[in-house]
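These are the residues of each chain, in order.
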Amino acid sequence: KQWYQRRVRGTRAEAAHPEKKGMSKRIRGNLELPQVPVPLVPTLRSAQPIVEKLWLIQKYMSELQYDYTGCQFFEIRKNRPLCRLMEVAKTIMREALPIKCLEAVVLAIYLTSELTGVNRFPIAFRSKFEGETYKHIVLGVHFNGRFGALGLSRRSTLMYKELRFKTLAELLHQYISCYRDCCHTVDRIKLGLPVSHDKQSMESILWKYMVIRPGRISDKDFTQHCDSFSRQLRGQTAHQMKYAKQSRDHANGNRPHSDNSDSSKKPLKNSR
């Protein structure tokens, strides 16, 4: 019911502005204002290579631009079912407003849903700079033995990665190196389960399946963790990986973990 009421009230920008819908009506009805070009949703043809399709999707998201306004235009609740997040993605495309990293991941999931041969999984980073903590997320992609990523960031080096990395460790090391160039230290990486290609799925995304702390383990252990995740990614479905994790937690006497507890209740304080 609340979701329906939000749709009736209009966009999040209208809800946040003091004048509500009066603001949007005054702007939309003013013919003297210059026309702002609206990015066109890419048309993906079956004959196009997967690398080209991913690049077109990234190009579209980059044309939407990163949101520097400090106002989050679209509400993303990570514990929502996938079908609800896909409705948010449709709103993002319709409104064509600037977005941040989490909105970009949801949009990338929607736009790549027809690429059934591509595994998509969230990659979340936590970094430190001058005592402050920053969080960032991208959508990892895996196809035909190669890894890459889609996303948006304030830094061009922390978003799109071409589908060319032979291993997941190479991809993550590339991000860590780019963070280092920005004077940030990555202290945690979270890998989520593969996302279903069914846009009507009522299941929620498992955003945290494996946690890697680069500063606390050796490069050898880092590579072993990445290789373990890659083997499971290639050989098992998301359901099998989730069941295996629950079985391990139960065997270790740990309570089942719900990753959606932290970010679903409040937005990130600092986001890359």
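Everything numeric here is computed off the predicted structure, so don't read it as measured data.

Per the secondary structure count, the protein includes nine helices and six strands. Every one of the 272 residues in the protein was classed for burial, and the buried ones make up 45%. Counting contacts in the protein only where the partners sit at least 6 residues apart, residues at least 24 apart contribute 61% of the total. Split by element, the accessible area of the protein, about 15,100 Å² in all, is 50% carbon and sulfur.

With that settled, the discussion passes to the nonpolar core. With 42 residues, the main nonpolar core has M61, I99, L107 and I109 as its most contacted residues. The leading source of residues in this core is helix α6 (residues 101–111), at 10 residues. The residues touching M61, leaving out its near neighbours within four places in the chain, are A104, L107, A108, L150, G151 and L152. If you look at the next biggest cluster of nonpolar residues, it comprises 28 residues, including V138, M210, C226 and F229.

Attention shifts here to the side chain of D67. By secondary structure assignment, the location of D67 is in the loop between α4 (50–64) and α5 (82–95). For D67, the side chain forms a polar contact with the side chain of T69, separated by 2.6 Å. If we ignore the near neighbours within four places in the chain, the residues touching D67 are Q72, F73, P98, I99 and K100.

Their axes nearest at 9 Å, the elements α5 and α6 cross at an angle of 100°. Classed by the angle they form, the pair α5 and α6 counts as roughly perpendicular. Contact residues: L82, L85, M86, A89, K90, I92 and M93 in α5; E103, V106, L107, I109, Y110 and L111 in α6.

Glancing now at the packing of aromatic side chains. Each aromatic ring pair is described using two quantities: the centre-to-centre distance and the angle formed by the ring planes. Scanning the model with the defined rule gives six aromatic pairs in all. Relative to F147, the ring of F121 lies with its centre 6.5 Å away and its plane at 80°, an arrangement referred to as edge-to-face. Separated by 26 residues along the polypeptide, F121 in strand β1 (residues 119–129) and F147 in strand β3 (residues 146–150) bring together distant segments of the chain. No difference in accessibility class separates F121 from F147, as the two residues are buried. Ring pairs connect the aromatic residues F121, F147, Y209 and F229, which therefore count as one cluster. Above the plane of the ring of W207 lies K78, whose end atom (NZ or CZ) is 4.9 Å from the centre. Positioned above the aromatic ring of Y175, the side-chain terminus of K161 is 5.1 Å from the ring centre.

A few words now on the confidence of the model for the protein. The predicted model of the protein has a mean per-residue pLDDT of 84, with 81% of residues at 70 or higher. For residues 1–9, every residue scores under 50 in pLDDT, and the model assigns this stretch 11 contacts once sequence neighbours within four places are set aside. Segment residues 256–269: pLDDT under 50, and 21 contacts once partners within four positions in sequence are set aside and those in other chains are kept.

Positive phi is not limited to glycine here, since N144 has a value of about 55°. Relative to the helices and strands, N144 is located in the loop between β2 (132–143) and β3. A positive phi angle, near 65°, is found at C183, a position not held by glycine. Of note, C183 is situated in the loop between α7 (168–181) and β5 (185–191). Among the residues examined, C183 registers a relative accessible area of 54% and is labelled exposed.

Let us now look at the sheet that holds β3. Taken together, the six strands give an open sheet; going across it, the order is β4-β3-β2-β1-β5-β6, and neighbouring strands pair in antiparallel fashion. Bordering the open sheet on either side are β4 (161–165) and β6 (210–212), each of which pairs with just one other strand. Averaged over neighbouring strand pairs, the angle between their axes works out to 25° when direction is ignored. Sitting on the sheet, helix α8 (residues 219–235) touches β1, β2, β3, β5 and β6, and the angle it makes with β6 is about 160°.

With that out of the way, let us pick up the pairing of β1. Counting buried residues along β1, eight of its 11 residues qualify, which places the element largely inside the surrounding structure. Bridging between β1 and β2 involves 11 bridges; their strand directions are antiparallel. For R126, the partnering residue across the bridge sits in β2 and is K135. The turn joining β1 and β2, which pair antiparallel and follow one another in sequence, is formed by two residues; a positive phi near 50° is taken by E130.

Once that is clear, we can look at the state of the cysteines. For the coordinates displayed, the defined rule picks out zero disulfides. Free cysteine: C182, not disulfide-bonded; nearest cysteine sulfur from C178 at 7.2 Å. Residue C182 is classed as buried on the basis of its relative accessible area of 13%.

The rules we used
Residues numbered from 1 in each chain as written. Predicted model: local features only at pLDDT ≥ 70, side-chain atom pairs only at ≥ 80, totals over all residues. Heavy atoms only, no water. Helix = DSSP H or I, 4+ residues; strand = E, 2+ residues; numbered from the N terminus. Buried < 20%, exposed > 50% of the residue type's maximum accessible area, 1.4 Å probe, protein only. Contact = heavy atoms within 4.5 Å. Areas by Shrake-Rupley, 256 points an atom, 1.4 Å probe, with all protein chains shown as cover. Core = buried A, V, L, I, M, F, W, Y, C linked by side-chain atoms within 4.5 Å. Polar contact = N/O pair within 3.5 Å; in protein donor to acceptor, adjacent residues only side chain to side chain. Axes fitted to C-alpha atoms, helices over the stretch in contact; angles between N-to-C directions. Parallel < 35°, antiparallel > 145°, perpendicular 65-115°, else oblique. Phe/Tyr/Trp six-rings, centres within 6.5 Å; stacked < 30°, edge-to-face > 60°. Lys NZ or Arg CZ within 6 Å of the ring centre and 35° of its normal. pLDDT = per-residue confidence, 0-100. Pairing = 2+ DSSP bridges. Disulfide = S-S within 2.5 Å.

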